[in-house]
Amino acid sequence: MAKTRSHVRRIGVLTSGGDAPGMNSAIRAVVRASVHHGIECLGIRRGYNGLINGDVVELKAKDVNGLITRGGTILYTARCPEFNTEEGLQKAANSIKYLGMDGLIVVGGDGTFRGARDVSRYGVNVVGIPGTIDNDVACSNYTIGFDTACNTAMHAIDKLRDTMQSHERCSIVEVMGRNAGHLALYVGIACGATAMLLPELPYNFDKDVAEKIRGGRIRGRTHHLIIAAEGVGHIDELATSIKEETGMDPRVTILGHIQRGGSPTARDRVTASRMGEMAVRTLLEGKRNRVIVISNREMVDLDMDEALAMEKGLQISMLNAAYILTQI
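What counts and what doesn't
- Residues numbered from 1 in each chain as written.
- Predicted model: local features only at pLDDT ≥ 70, side-chain atom pairs only at ≥ 80, totals over all residues.
- Heavy atoms only, no water.
- Helix = DSSP H or I, 4+ residues; strand = E, 2+ residues; numbered from the N terminus.
- Rg over C-alpha atoms; globule rule 2.2 N^0.38 Å.
- Buried < 20%, exposed > 50% of the residue type's maximum accessible area, 1.4 Å probe, protein only.
- Contact = heavy atoms within 4.5 Å.
- Areas by Shrake-Rupley, 256 points an atom, 1.4 Å probe, with all protein chains shown as cover.
- Lys, Arg positive; Asp, Glu negative; His and termini not counted.
- Charge placed at Lys NZ, Arg CZ, Asp CG, Glu CD.
- Core = buried A, V, L, I, M, F, W, Y, C linked by side-chain atoms within 4.5 Å.

Colleague: Kindly report on the overall build of the chain, identifying the contributing residues and their values.
Modeller: In terms of regular secondary structure, the chain is built from eleven helices and eleven strands. Expected size for 328 residues packed as a compact globule is a radius of gyration near 20 Å; at 22 Å, the chain falls within 12% of this value. Seen through its principal axes, the chain has C-alpha atoms that stretch 70 × 40 × 30 Å. In the chain, buried positions account for 53% of the 328 residues. Considering only contacts within the chain whose residues lie at least 6 apart along the sequence, 75% involve residues at least 24 apart. Accessible surface for the chain amounts to roughly 15,100 Å². Of this, 47% is attributable to carbon and sulfur atoms. Across the chain, 39 positive and 37 negative side-chain charges occur, with their mean positions spaced 7 Å apart.

Colleague: Account for the nonpolar core, with residues named and values stated.
Modeller: Within the largest apolar cluster, 75 residues are counted, with the highest numbers of intra-cluster contacts made by Ile-11, Ile-105, Ile-226, Ile-227 and Ile-242. When neighbours within four sequence positions are excluded, Ile-105 is seen to be in contact with Ile-11, Gly-12, Val-13, Leu-14, Val-30, Val-127, Ile-129, Ala-279, Val-280 and Leu-283. Within the second largest apolar cluster, 29 residues are counted, among which are Tyr-48, Cys-80, Val-106 and Leu-308.

Colleague: Outline the environment of Ile-144, supporting the account with residue identities and numerical values.
Modeller: The residue Ile-144 is located in the loop between strand S5 (126-130) and helix H5 (146-166) in this model. With relative accessibility at 0%, the residue Ile-144 sits in the buried group. With 28 residues separating them in the primary sequence, Ile-144 and Ala-116 have C-alpha atoms 18 Å apart.

Here it is as structure tokens:
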């Protein structure tokens, strides 16, 4: 494919918010696509904090060799309260102008995109790539890191199940996801959970937990798995209620940040690579303030304001399947 000729000569790339497996794959793709088109690429370290303070490094093809297999982000990520102020945004815009960047690619979630949109008002051309294990970016059906996090949680729960079955106990496992239940729902189905507790759906303890445990015991089940999204909260109280109502001895396991680590799966590597390449191409096409998303199984770019105005709920077909599969 011939190289594209454009006014774009230098771009920046940063990662912001919680890290997600596949972010490095996206960085690699942005750099390699930039090199292909004859564009310089600057890596901005520590997110928007680095953008304000000019913490940048030039990235060449050799700098991202082998990066596709690594979890985390080589550019680091950090919170930046200053970026929420007009003064901070002006500093960031001045830094972009001083560094001669013609565009900025940001990898992260909705908070990252809001920051990109705000700085774009100072004349900066931005493109967003959705990267979060929570899969809660409304404009995209899928976000980088979700598949890896699901697999990490599933493998951990499979190991936990072995010891819980040996002691005939009830396992309560909290997975990440902030205030979204996508991860908990997906992992719950994958692990054959007795019940899944999601922030989006209020639950009745007697009906949705206790009765399912009692029914399972009648049918000969000796181990019961409750998956709870972190946004549900109060899992210690849940454990106490289960012990009081069923007589079982529950154990609480919080998987925590282990879900953010590890080498990305093939799906996350490919999705991140395609999004990174498309983000560079979007800048070259002269489009402004876009987000690269998966919509109806196609990869497209959306207007950032439009994307941020969207809302995302749990997939109805997944909920229906979970309901049926936890009744027996």
